[in-house]
Amino acid sequence: TRCGMACRECAEFLSDYLHGDLAVETRLVFERHLSLCPNCVTYLEQFRATVVAGQAAFGDDAEADVPEALIQAILASRRV
């Protein structure tokens, strides 16, 4: 792609981006992709809303209760 990141890659960085955990170079490429891809902006906003809803329902530790194996399985299924 013109920005150096595909939509699938963008999806893999959503959580780290929202938590401010992306390396500067990766964040810049991520944000460049967002500037060119309205679909990923929509996906980011939906992801953010889901996180907020989860925190409201389960408290701030909602993500901590998700097993790492489940997270990796979900990410792996996106790559297929």
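Note: the structure precedes this text.
The structure contained in this document is the topic of the report that follows. (Residues numbered from 1 in each chain as written. Predicted model: local features only at pLDDT ≥ 70, side-chain atom pairs only at ≥ 80, totals over all residues. Heavy atoms only, no water.)

1. A closer look at the overall build of the chain
Assigned secondary structure in the chain consists of five helices and zero strands. Secondary structure elements of the chain, listed N to C terminal, follow the sequence α-α-α-α-α. For the chain, the proportion of its 80 residues judged to be buried stands at 20%. Long-range pairs, those at least 24 residues apart, make up 62% of the contacts in the chain with a sequence separation of at least 6. By element, 58% of the accessible surface of the chain is carried by carbon and sulfur atoms, the whole surface being about 5600 Å². (Helix = DSSP H or I, 4+ residues; strand = E, 2+ residues; numbered from the N terminus. Buried < 20%, exposed > 50% of the residue type's maximum accessible area, 1.4 Å probe, protein only. Contact = heavy atoms within 4.5 Å. Areas by Shrake-Rupley, 256 points an atom, 1.4 Å probe, with all protein chains shown as cover.)

2. Brief notes about the pattern of salt bridges
Tallied over the entire structure, the rule returns two salt bridges. Residues glutamate 31 and arginine 27 are paired through a salt bridge, measuring 3.2 Å at the closest nitrogen-oxygen approach. Placement of both glutamate 31 and arginine 27 in helix α3 (residues 24-36) is noted, with a separation of four residues, approximately one turn of the helix. A relative accessible area of 29% means that arginine 27 is categorised as partly exposed. Between glutamate 45 and arginine 48 there is a salt bridge, and its shortest N-O distance comes to 3.2 Å. (Salt bridge = Lys/Arg side-chain N within 4 Å of Asp/Glu carboxyl O.)

3. Details of the nonpolar core
Of all hydrophobic cores here, the largest spans nine residues; its members are Met5, Cys10, Leu14, Leu22, Phe30, Leu34, Cys37, Cys40 and Leu44. Contributing elements (two or more residues each) for this core: α3 and α4 (38-58). Not counting residues up to four positions away in its chain, the partners in contact with cysteine 10 are Met5, Phe30, His33, Leu34 and Cys40. (Core = buried A, V, L, I, M, F, W, Y, C linked by side-chain atoms within 4.5 Å.)

4. Looking at the state of the cysteines
Across all of its chains, the model carries zero disulfides by this definition. Counting only cysteine sulfurs, cysteine 40 is the nearest neighbor of cysteine 7, a cysteine outside any disulfide, at a range of 3.6 Å. What makes cysteine 40 buried here is its relative accessible area of 7%. (Disulfide = S-S within 2.5 Å.)

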